[in-house]
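One-letter residues, chain by chain:
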Amino acid sequence: MDDTYCETPGQTAPEPPAGTAACPPYAECVLCREPTEYPESTKGATLCPVCAWQEAGRTACGG
Ligand SMILES: [Zn+2]
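Residues numbered from 1 in each chain as written. Predicted model: local features only at pLDDT ≥ 70, side-chain atom pairs only at ≥ 80, totals over all residues.

1. As for the overall build of the protein chain
- When its secondary structure is counted, the protein chain shows one helix and two strands.
- When the helices and strands of the protein chain are placed in sequence order, the string is β-β-α.
- When each of the 63 residues of the protein chain is scored for burial, the buried share is 6%.
- Put simply, of all contacts in the protein chain between residues at least 6 apart along the chain, 0% involve residues at least 24 apart. (Helix = DSSP H or I, 4+ residues; strand = E, 2+ residues; numbered from the N terminus. Buried ≥ 20, exposed ≤ 12 C-beta atoms within 10 Å, placed from the backbone. Contact = placed C-beta atoms within 7 Å.)

Right, here's the structure in full:
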């Protein structure tokens, strides 16, 4: 009795445990490349708080 069975490829690979979430997908600051508070899906130029503050000051002072 030497039956050849067709192995049913029904086994699903076990999902890896949710572990190392390195860093949240935050958008990079366009000036200093620091992670900003904005998600990556934010449109336009994203600035970190520091650069945003500097930009605001620069605009306010009117170079
Ligand atoms: Zn910045």
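2. A look at unusual backbone geometry
- For Arg33, which is not glycine, the phi dihedral falls at a positive 65 degrees.
- Inspection of the secondary structure puts Arg33 in the loop between strand S1 (26-28) and strand S2 (35-39).
- Residue Arg33 is classed as exposed on the basis of its C-beta count, with 9 C-beta atoms lying within 10 Å.

3. Side note on the pairing of S2
- Across two bridges, the pairing between S1 and S2 is antiparallel. Paired with Glu28 across the strands is Pro35, a residue of S2.
- The loop that links S1 with its antiparallel partner S2 comprises six residues; one of these, Arg33, has a positive phi angle of about 65 degrees. (Pairing = 2+ DSSP bridges.)

4. Focus: the environment of Cys29
- Among the structural elements, Cys29 can be located in the loop between S1 and S2.
- Its 19 C-beta neighbours within 10 Å are what place Cys29 among the partly exposed residues.
- Beyond its immediate chain neighbours, meaning those up to four positions away, Cys29 contacts Glu34, Thr36, Thr46, Leu47, Cys48 and Cys51.

5. Some details on helix H1 (residues 49-61)
- In this model, H1 (13 residues) spans 18 Å end to end at C-alpha, consistent with the 18 Å of a helix rising 1.5 Å per residue.
- Burial runs low along H1: only zero of the 13 residues are buried. (Expected span 1.5 Å × (residues − 1).)

6. Things to note about the environment of Pro49
- In this structure, Pro49 sits in helix H1.
- Between the C-alpha atom of Pro49 and that of Thr36, which follows or precedes it by 13 residues, the distance is 7.1 Å.

7. Description of the confidence of the model for the protein chain
- Per-residue confidence for the protein chain averages 82 on the pLDDT scale, and 83% of its residues sit at or above 70.
- Mean pLDDT across the elements of the protein chain bottoms out in H1 (90) and peaks in S1 (94). (pLDDT = per-residue confidence, 0-100.)

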